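Each chain, written out:
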Amino acid sequence: MTYDRLVCANCAAPVSQGRCPVCRANRERLQQEGPFAGLNPVTLIALLVALVAALALVARTA
Ligand SMILES: [Zn+2]
């Protein structure tokens with residue numbers, strides 16, 4: 001992740017330093033997102049629909 005380069009809108013310090021509650025909340029949220037940090041809910045739903053469609057195709061041809 002590149003969140004260590006993010007600057008907080010509240011205290012104008014790097015979020016990774018956790019100087020204010022907003023920084024700490026953002027830092028924890030970014031750390032918890034992990035490998036799926038770049039995926040928003042719309043992307044996840046689109047991936048799920050694609051997966052179901054692919055499974056349906058496989059089930060029909062098998
Ligand atoms: Zn801050």
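In case you missed it, the structure is sitting above this.
Residues numbered from 1 in each chain as written. Predicted model: local features only at pLDDT ≥ 70, side-chain atom pairs only at ≥ 80, totals over all residues. Heavy atoms only, no water.

J.: I tried to follow the overall build of the chain on my own but got confused; where do I start?
T.: Tallying secondary structure elements over the chain gives two helices and zero strands in all. Partitioning the intrachain contacts of the chain with sequence separation of at least 6 by distance along the chain shows that 17% fall at a separation of at least 24. (Helix = DSSP H or I, 4+ residues; strand = E, 2+ residues; numbered from the N terminus. Contact = heavy atoms within 4.5 Å.)

J.: What exactly am I supposed to notice about unusual backbone geometry here?
T.: The phi dihedral of Ala12 falls on the positive side, at around 60°, and the residue is not glycine. For Ala12, the position within the fold is in the segment before α1 (21-33). Ala12 sits in the exposed class, given a relative accessible area of 60%. (Buried < 20%, exposed > 50% of the residue type's maximum accessible area, 1.4 Å probe, protein only.)

J.: What's the story with the coordination of the zinc ion in this structure? I'm lost.
T.: Tetrahedral coordination by four donors sets the ideal angle at the metal to 109.5 degrees; octahedral coordination by six donors sets it to 90 or 180 degrees. The coordination sphere of the zinc ion contains the protein donors Cys8 (SG), Cys11 (SG), Cys20 (SG) and Cys23 (SG), at a distance range of 2.1 to 2.3 Å. Around the zinc ion sit four donor atoms, and with donor-metal-donor angles ranging over 101 to 115° the site reads as tetrahedral. Between consecutive donor residues of the zinc ion, the sequence gaps follow C-x2-C-x8-C-x2-C. Separated by twelve residues along the polypeptide, Cys8 in the segment before α1 and Cys20 in the segment before α1 bring together distant segments of the chain. On the accessibility criterion, Cys20 (7% relative accessible area) is buried. (Donors = N, O, S within 2.8 Å, 3.2 Å for Na, K, Ca; no water. Tetrahedral: all angles 85-135°; square planar, octahedral: opposite > 155°, others 65-115°.)

J.: Explain a nonpolar patch on the surface here, please?
T.: A cluster of nonpolar residues, Leu48, Leu51, Val52 and Leu55, forms a patch on the protein surface that exposes about 410 Å² of accessible area. Residue placement: Leu48 occurs in helix α2 (residues 41-61). (Patch = residues over 30% accessible without salt bridge, like charges linked within 9 Å, V, L, I, M, F, W, Y side chains within 5 Å. Areas by Shrake-Rupley, 256 points an atom, 1.4 Å probe, with all protein chains shown as cover. Salt bridge = Lys/Arg side-chain N within 4 Å of Asp/Glu carboxyl O.)

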